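What follows is each chain in one-letter form.
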Amino acid sequence: KQQPLECPVCHTRVILPDEGVDGLRSNIFGRLGKGVGDLNGPAGVAVDKDGNIAVVEKFNKRVQVFDAHRGHSLKCFRVEGEDPLGLAVDSDGRFVVTSFGKNCGVRRYTPEGELLNFYKPDSMEDPRGAAVLQDGRMVAADVNRHSCLLLRHDGSHIRDIGR
């Protein structure tokens, strides 16, 4: 029996279907490429409040949202930053994306994919993973600092976790 995937932020549970759309047993979606439904460098994944699977792609520099039951691409949008890697979805359906390299930081996008905010606290060096707490505070894993940064709604640094 398959175990459901659960989003650690909003606790949405998703069970992927055993049968693919073509009747073959498959829970795999996406293939290498640049088009809709294609993936290139999938780096981060999150589940939105509707149970859809969002993927941030390092090389296509975008977020793509897939229907969890059929694997169809529902929408995609471009993201800023040199190397987008981390992805989270807050309780309002906004996407939080971390990127490292030139112009690294945390960016928040509307559910439609429009850039809302860019955060780069002075203490941030190399953010990778992302999460959003139930109260809206954000967490970014920072590889160079060997810790996670807890951030307020406005992106300001509250404290380091694990340091």
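Above this text sits the structure in question.
Residues numbered from 1 in each chain as written. Predicted model: local features only at pLDDT ≥ 70, side-chain atom pairs only at ≥ 80, totals over all residues. Heavy atoms only, no water.

Focus: the sheet that holds strand 11 (residues 127–132)
This is how it is decided: Strand pairing follows a simple DSSP-based rule, namely that at least 2 bridges must link the two strands. Strands are runs of DSSP state E lasting at least 2 residues, helices are runs of H or I lasting at least 4, and numbering of each runs from the N terminus. Axis angles are defined between N-to-C directions and span 0 to 180 degrees, where every axis is a line fitted to C-alpha atoms and, for a helix, only to the segment in contact.
Ordered by their spatial adjacency, four strands build an open sheet running 11-12-13-14, and the pairing between neighbours is antiparallel. Because the sheet does not close on itself, it has two edges, and the strands there are strand 11 and strand 14 (157–161). Direction aside, neighbouring strands of the sheet carry axes that sit 25 degrees apart on average. Judged from the four bridges that link them, strand 11 and strand 12 (residues 138–142) form a sheet pairing that is antiparallel. Residue P127 lies in a different strand from strand 12, and its bridge partner there is D142.

A few points about the side chain of D90
Put simply, the rule reads: Residues adjacent in sequence count toward polar contacts only when both atoms are side-chain atoms; beyond that, a polar contact is any pair of N or O atoms within 3.5 Å, and within protein one must be able to donate a hydrogen and the other to accept it. Throughout, a contact is declared for two residues whenever any of their heavy atoms are within 4.5 Å.
Its place among the elements puts D90 in the loop between strand 7 (83–89) and strand 8 (95–100). In terms of polar contacts, D90 uses its side chain to reach the backbone amide nitrogen of D92, at 2.9 Å. Each residue touching D90, except ones within four places of it in the same chain, is listed here: R108 and V132.

Here we look at the packing of aromatic side chains
This is how the line gets drawn: The criterion for an aromatic pair is that two Phe, Tyr or Trp rings (for Trp, the six-membered ring) have centres within 6.5 Å, with stacked assigned to planes under 30 degrees apart, edge-to-face to planes over 60 apart and tilted to the rest. Between buried and exposed lies partly exposed: a residue is buried under 20% and exposed over 50% of the maximum accessible area for its type, with that area taken using a 1.4 Å probe on protein chains only. Here, over-ring charges are defined by two tests on the NZ atom of lysine or the CZ atom of arginine: distance to the ring centre within 6 Å, and angle to the ring normal within 35 degrees.
A complete count under the given rule lists two aromatic pairs for this structure. Between F77 and Y109, the aromatic rings sit 5.5 Å apart at their centres with planes inclined by 45 degrees, giving tilted as the arrangement. In this pair, F77 sits in strand 6 (residues 73–78) while Y109 sits in strand 9 (residues 105–109), placing the two residues 32 residues apart along the sequence. Given a relative accessible area of 7%, F77 falls into the buried group. By the ring-pair criterion, three or more aromatic residues cluster together here, those being F77, F95 and Y109. Its end group placed over the ring of F100, R128 keeps NZ or CZ at 3.9 Å from the ring centre.

Let's talk about the pairing of strand 7
Buried residues dominate strand 7, accounting for seven of its seven residues. Two strands pair when backbone bridges link them, and strand 7 and strand 8 are joined in this way by six bridges, in the antiparallel orientation. In the strand pairing of strand 8, V89 is matched with F95. Linking strand 7 back to strand 8 in an antiparallel pair, the connection comprises five residues, with G93 at a positive phi of about 85 degrees.

Some points on unusual backbone geometry
Phi at K61 takes a positive value of approximately 50 degrees, unusual for a residue other than glycine. Non-glycine residue H146 carries a positive phi angle of around 55 degrees. On the secondary structure map, H146 appears in the loop between strand 12 and strand 13 (147–151).

Some words on the pattern of salt bridges
To keep things clear, this is the line we draw: When a carboxyl oxygen of Asp or Glu lies within 4 Å of a side-chain nitrogen of Lys or Arg, that pair is called a salt bridge.
Under the counting rule described, the total for this entry stands at seven salt bridges. Across the pair E57 and R62 runs a salt bridge, and its minimum N-O distance is 2.5 Å. For the residue pair E57 and R62, the accessibility class agrees, reading buried in each case. Among the salt bridges present, the one from R94 reaches D92, with a minimum N-O distance of 3.2 Å. What makes R94 partly exposed here is its relative accessible area of 25%.

Considerations on the nonpolar core
To keep it simple, the criterion reads: Definition used in this section: a nonpolar core is a set of buried Ala, Val, Leu, Ile, Met, Phe, Trp, Tyr and Cys residues joined via side-chain atoms within 4.5 Å.
Counting 12 residues, the largest nonpolar core is built from A46, A54, V56, V63, V65, F77, V79, L87, V89, F95, V97 and Y109. Elements that contribute at least two residues to this core include exactly strand 4 (53–57), strand 5 (62–66), strand 7 and strand 8. The residues touching A54, leaving out its near neighbours within four places in the chain, are G44, V45, A46, V63, Q64, V65, L87 and F95.

That is the geometry; function is a separate question.
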